[in-house]
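# Chains, contacts and geometry: an overview
The primary structure of each chain is shown beneath.
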Amino acid sequence: MPGFEYARVQVADGVSLHTAVGGSGSPVVLLHGFPQTHLMWRHVAADLAADHTVICPDLRGYGASDKPADPDGTAYGKRVMAADTVAMARALGHERFALAGHDRGALVAFRAGLDHPAAVTHLACLDVLPTLDMWEVMHGVEAAVGFHLYLMAQPPGLPERMIAADPDGFFGHFLDLWAGDREAIEAPVRAAYLAACRAAVPSIVADYRASAGVDIAHDRADRDAGRVLEMPVSVLQQDWGAALGFDARDLWSAWAPRLSHRTVGFGHFMAEEAPEEIAGEIRELLAR
């Protein structure tokens, strides 16, 4: 990303994150989604860098970040990835920071907000439901759009082999299906996403598999204990509830007492399809 400096930031033993840092001012960390890398924030990050220090890592297992083995199904739990985020910010000199995540990155951000409320000042989540709620609303043929969630939830072996047989076809399917405006992801960026995913099939699957295992356990324990997100929270998402029969605002409200929720009309890749609007939403959140 032009104007950003790149570094490898160690966040755990044997794990470093490929990280872009730009701008100056109060820190904002931006976490990417699937099937993308930190590049999905290129427009929003440039906007926010006018008056913030903007930090954009590749999540562990994605892009140019390290991809540790996952022998026991915990290495890609969102609790671990949230700890990566806090450690990265701290290594860059920031004990407290605002946090925005999209898709998979939003699930990491959600967990960071629950586990590290003293570190996360503001939280934005783009186009997800919390993991536990997501599984609870997936039912019937309408949920077939989420087939990849079930595929990658299977035990190690089969999902990796199936996806590796045609990775560009698999990951490209989602870039095409979920885009409201395919032109928003320029050809070189699309090629970079596909190349990054092609090289990361086992770790991407491990990330999704964790959301059918350890992540559910952590969410359920927090829900049972009545833990909530203490900071101001903004959620933007498409109207999935119209097809799947749920009220997203109600589901999010149970986790976030200080919630601002908005349903949007653009596609899943909203930081690329509507970057000015997303940057504006993050600025409004930071003013709360």
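Quick summary incoming for the structure in this document. Computed from a predicted model, the values in this text were never measured in an experiment. Counting restarts for each chain, with residues numbered from 1 along the sequence as it is written. Given that this is a predicted model, residues contribute local features only at a pLDDT of at least 70 and side-chain atom pairs are listed and counted only at 80 or more, while totals for whole chains, interfaces and linings are drawn from all residues. As a rule here, side-chain values come from all non-hydrogen atoms in the structure, and water together with hydrogens is ignored.

Here, a salt bridge means any side-chain nitrogen of Lys or Arg that lies within 4 Å of a carboxyl oxygen of Asp or Glu. For the coordinates displayed, the defined rule picks out 22 salt bridges. Two residues, Asp133 and Arg223, come together in a salt bridge whose shortest N-O distance is 4.0 Å. Note that Asp133 is positioned in helix H4 (residues 131–137) and Arg223 in helix H10 (residues 214–225), a separation of 90 residues in sequence. Accessibility here uses a 1.4 Å probe with only protein chains present; expressed as a share of the type maximum, an area under 20% marks a residue as buried, one over 50% as exposed, and anything in between as partly exposed. We classify Asp133 as buried; its relative accessible area is 5%. Between Arg262 and Glu281 there is a salt bridge, with its nearest N and O atoms 2.6 Å apart. Every helix listed is a DSSP run of H or I at least four residues long, and every strand listed is a run of E at least two residues long, numbered separately from the N terminus.

It is worth spelling out the packing of helix H6 (residues 158–165) against helix H7 (residues 167–177) at this point. Axis geometry follows a simple rule: fit a line to the C-alpha atoms, using only the stretch in contact for helices, then measure angles between N-to-C directions, giving values from 0 to 180 degrees. Viewed as axis vectors pointing N to C, H6 and H7 meet at an angle of 90 degrees, and their least axial separation amounts to 5 Å. As summarised for this structure, H6 and H7 are arranged roughly perpendicular, according to the angle between their axes. The residues of H7 that touch H6, namely those facing Ile163, Ala164 and Ala165, are Pro167, Phe170 and Phe171. Polar here means any residue outside two lists: the nonpolar Ala, Val, Leu, Ile, Met, Phe, Trp, Tyr, Cys and Pro, and the charged Asp, Glu, Lys and Arg; Gly therefore counts as polar. Of the residues in the contact of H6 with H7, the class split is 6 nonpolar, no polar and no charged. To sort the angles, those under 35 degrees are grouped as roughly parallel, those over 145 as roughly antiparallel, those from 65 to 115 as roughly perpendicular, and the leftovers as oblique. Working rule for contacts: check all heavy atoms of both residues, and any pair within 4.5 Å makes them a contact.

Attention now moves to H10. The α-helix advances 3.6 residues per turn, and as a result positions three or four apart in sequence lie on the same side. Multiplying one less than the number of residues by 1.5 Å gives the expected span of a helix. Between its first and last C-alpha, H10 extends 17 Å over 12 residues, near the 16 Å set by a 1.5 Å rise per residue. Along its buried surface, H10 packs onto helix H2 (78–91), helix H3 (104–115), H4 and helix H9 (201–210). Residue Gly226 follows H10 closely and has a positive phi angle near 75 degrees.

This part is about the pairing of strand E5 (residues 97–102). Within E5, 6 of the 6 residues are buried, which leaves the element mostly enclosed by the surrounding structure. At least two DSSP bridges between two strands are required for those strands to pair. When strand E3 (residues 26–31) meets E5, the two strands line up parallel, connected through 4 bridges. Bridging across to E5, Val29 finds its partner in Leu99. Judged from the 5 bridges that link them, E5 and strand E6 (residues 120–126) form a sheet pairing that is parallel. Bridge assignment links Ala100 to a residue of E6, and that residue is Ala124. Where the polypeptide runs from E5 across H3 and back to E6, its parallel neighbour, the crossover connection is right-handed. Crossover handedness is defined by viewing with both strands directed away from the observer: a clockwise path from the first strand over the helix to the second marks the crossover as right-handed.

So, on to the side chain of Ser16. Position of Ser16 relative to the elements: it lies in strand E2 (residues 15–22). With relative accessibility at 14%, the residue Ser16 sits in the buried group. Filtering out sequence-adjacent residues up to four positions away, Ser16 remains in contact with Arg8, Val9, Gln10, Val11, Ser65 and Asp66.

Close contact between H6 and H9 brings their axes to 10 Å; oriented N to C, the two are set at 130 degrees. When the axes of H6 and H9 are compared, the pair comes out oblique. Of the two elements, H6 crosses H9, and the hand of that crossing is right-handed. Of H9, the residues touching H6 (which contributes Pro159, Glu160, Ile163 and Ala164) are Val201, Pro202, Val205 and Arg209. For the contact of H6 with H9, a count of residues per class yields 6 nonpolar, no polar and 2 charged. What makes a crossing left-handed is the near helix being turned counterclockwise from the far one by less than a right angle; a clockwise turn instead makes it right-handed.

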